[in-house]
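Tertiary structure, described
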Amino acid sequence: MFFIGLLLCSAPVAGANNRQSNINYPSFMQGIDYGKGVTYVVGHNPPDSDSVCTAIAYASLKRQLGVNAEARIAGLPNAETTYALNYFGLREPLLLDDASGKNIILVDHNSFAQAVKGMEKANVLEIIDHHNLIGDVKTSAPVYYRNMPVGCTSTIVWLEYQEAQVPIIKEIAGMMLSAILSDTDNLQSSTTTDLDRQAVADLEKKAGIKNRNAYFLAMEEELAAYKGMSDKEIFYSDYKEFTINGISYGCATVVALTPEKRIALEKRLGDWIAKNYASQKMDMLFLKIHDLETYAATISCYGDGALECAVHVLGKADANRIALDKNMSRKKVVRLLQPQIANWAANNAKNKAA
Ligand SMILES: [Mn+2]
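Procedures and definitions
Residues numbered from 1 in each chain as written. Predicted model: local features only at pLDDT ≥ 70, side-chain atom pairs only at ≥ 80, totals over all residues. Heavy atoms only, no water. Salt bridge = Lys/Arg side-chain N within 4 Å of Asp/Glu carboxyl O. Buried < 20%, exposed > 50% of the residue type's maximum accessible area, 1.4 Å probe, protein only. Donors = N, O, S within 2.8 Å, 3.2 Å for Na, K, Ca; no water. Helix = DSSP H or I, 4+ residues; strand = E, 2+ residues; numbered from the N terminus. Phe/Tyr/Trp six-rings, centres within 6.5 Å; stacked < 30°, edge-to-face > 60°. Pairing = 2+ DSSP bridges. Contact = heavy atoms within 4.5 Å. Axes fitted to C-alpha atoms, helices over the stretch in contact; angles between N-to-C directions. Domains from an automatic or database assignment. Buried area = accessible area lost by both parts, 1.4 Å probe.

Below, the discussion takes up the pattern of salt bridges. For the structure on display, the rule yields 13 salt bridges. Two residues, Glu 70 and Arg 72, come together in a salt bridge whose shortest N-O distance is 2.9 Å. Classification of Glu 70 as partly exposed rests on a relative accessible area of 25%. For Arg 72, a relative accessible area of 11% translates into the label buried.

Here's what the structure looks like:
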């Protein structure tokens, strides 16, 4: 326990300016001034398992490389993340409610719209991410920016553990494993790469998970229960916001265990948005729901032009809903939607001017 406590919680033995004691520390990291204070590793808001678990794993790696890093969360973790933390006996990181003036490493996002408040005034030192570059993050010094087209940020962090030749303890393996399983839907999502599979094969051994499918299902059962949550809380539990050409849009992801539960959830949340759309102050809203039995998924579209844009790239609509290809991730949906919305916004502006 002492060993784990040391790795997870304590300040580094070597100071930030004494990093040469770590033989495998990439020498270019000397170009980053982590200063004397704490560097906070934080994911997006609202957080998912990637954002929370990867922050824990990356902060632990940085500490072992001599950086005074600590994991923080941008908001309350969801039930799936809480399950993973409890399973591996780890405490939830503290909340970072304002990033201004702080040294920051961003994981799992690259835009202010998804970041902790005050990030515009933070000192961003690194970005470790697997999303397309929608970001508006600007920095005063060069950063270590690592973006890879893999299924999960933890896959990148796993790779960094290999590169730095830092051993991965059980609890940290458990965090990275949980993040990858969550982001890739147990390696089923269209975003999954061989590197994610390689990481999972290594991490499940190190985490002592003998039945990965059972562990994944237990995590998802917690998430999909949406215990005690209102319609609005469910809608915003895994939600991301974007802006393109002056059009703001949000995409929520919700998961159900069975096709029956997916249909029920579609109806429940659909009724809620239909009533509350106007007060959400977004130009367009999208709700993606999939179930973990068949991996069938649908996306419902709300707001002027939303369905029109979606039909162009995602297929035929039934009312305001489109059936998606199996295993299609939100990331891919957004990647397809974004240029359509950009065009729509440009044409709309032209029409208004004419
Ligand atoms: Mn992620």
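Right, picking up where we left off after that structure.
What follows concerns the coordination of the manganese ion. Distances from the manganese ion to its protein donors, namely Asp 50 (OD), Asp 108 (OD), His 130 (NE2) and Asp 183 (OD), fall within the range 2.1 to 2.4 Å. Sequence spacing of the donor residues for the manganese ion, all on one chain, is D-x57-D-x21-H-x52-D. In this pair, Asp 108 is assigned in the loop between β4 (103-107) and β5 (123-129) and His 130 in the loop between β5 and β6 (144-147), connecting sequence segments 22 residues apart. As far as burial versus exposure is concerned, Asp 108 and His 130 are alike and both buried.

The next subject is the packing of aromatic side chains. Following the criterion strictly, the structure yields 13 aromatic pairs and no others. Ring geometry for Phe 235 against Tyr 236: centres 4.9 Å apart, planes inclined by 80°, an arrangement best described as edge-to-face. In this structure Phe 235 comes out as buried when scored by relative accessible area, which is 0%. Both rings, one in Phe 235 and one in Tyr 239, keep their centres 6.0 Å apart while their planes meet at 45°; by these two values the pair is tilted. Site record: aromatic cluster; members linked through ring pairs are Tyr 83, Tyr 87, Phe 88 and Tyr 215.

Here we come to the sheet that holds strand β2 (residues 69-73). The strand order β3-β2-β1-β4-β5-β6 describes an open sheet built from six strands, whose pairing is parallel. Only two strands of the sheet have a single neighbouring strand rather than two, namely β3 (94-95) and β6. The pairing of β2 with β3 spans two bridges and is classified as parallel. Residue pairing in the sheet places Ile 73 in a bridge with Leu 95 of β3. Strands β1 (39-42), β2, β4, β5 and β6 of the sheet are contacted by helix α2 (residues 49-64), whose axis makes an angle of about 170° with β2.

When its domains are assigned, the chain resolves into domain 1 (2-218) and domain 2 (231-353). Taking only C-alpha atoms into account, the centre of domain 1 sits 28 Å from that of domain 2. Taken together, the contacts link 14 residues of domain 1 with 15 residues of domain 2. Across the domain 1/domain 2 interface, buried area totals approximately 1400 Å², and carbon plus sulfur atoms make up 54% of it. Here domain 1 and domain 2 share zero salt bridges between them.

Looking now at the sheet that holds strand β7 (residues 239-244). Across a sheet, strands are paired by hydrogen bonds formed along the backbone, either parallel or antiparallel in direction. Strands sit in the order β7-β8-β9-β10-β12-β11 across an open sheet of six strands; the sheet is mixed. Single-partner strands in this sheet number two, and they are β7 and β11 (317-318). Direction of pairing for strand β9 (residues 284-291) relative to strand β10 (residues 297-302): antiparallel, over a ladder of six bridges. By the bridge assignment for β10, Lys 288 is matched with Ile 299. Helix α10 (residues 306-314) rests against β9, β10, β11 and β12 (321-324) of the sheet, and its axis sits at about 25° to β12.

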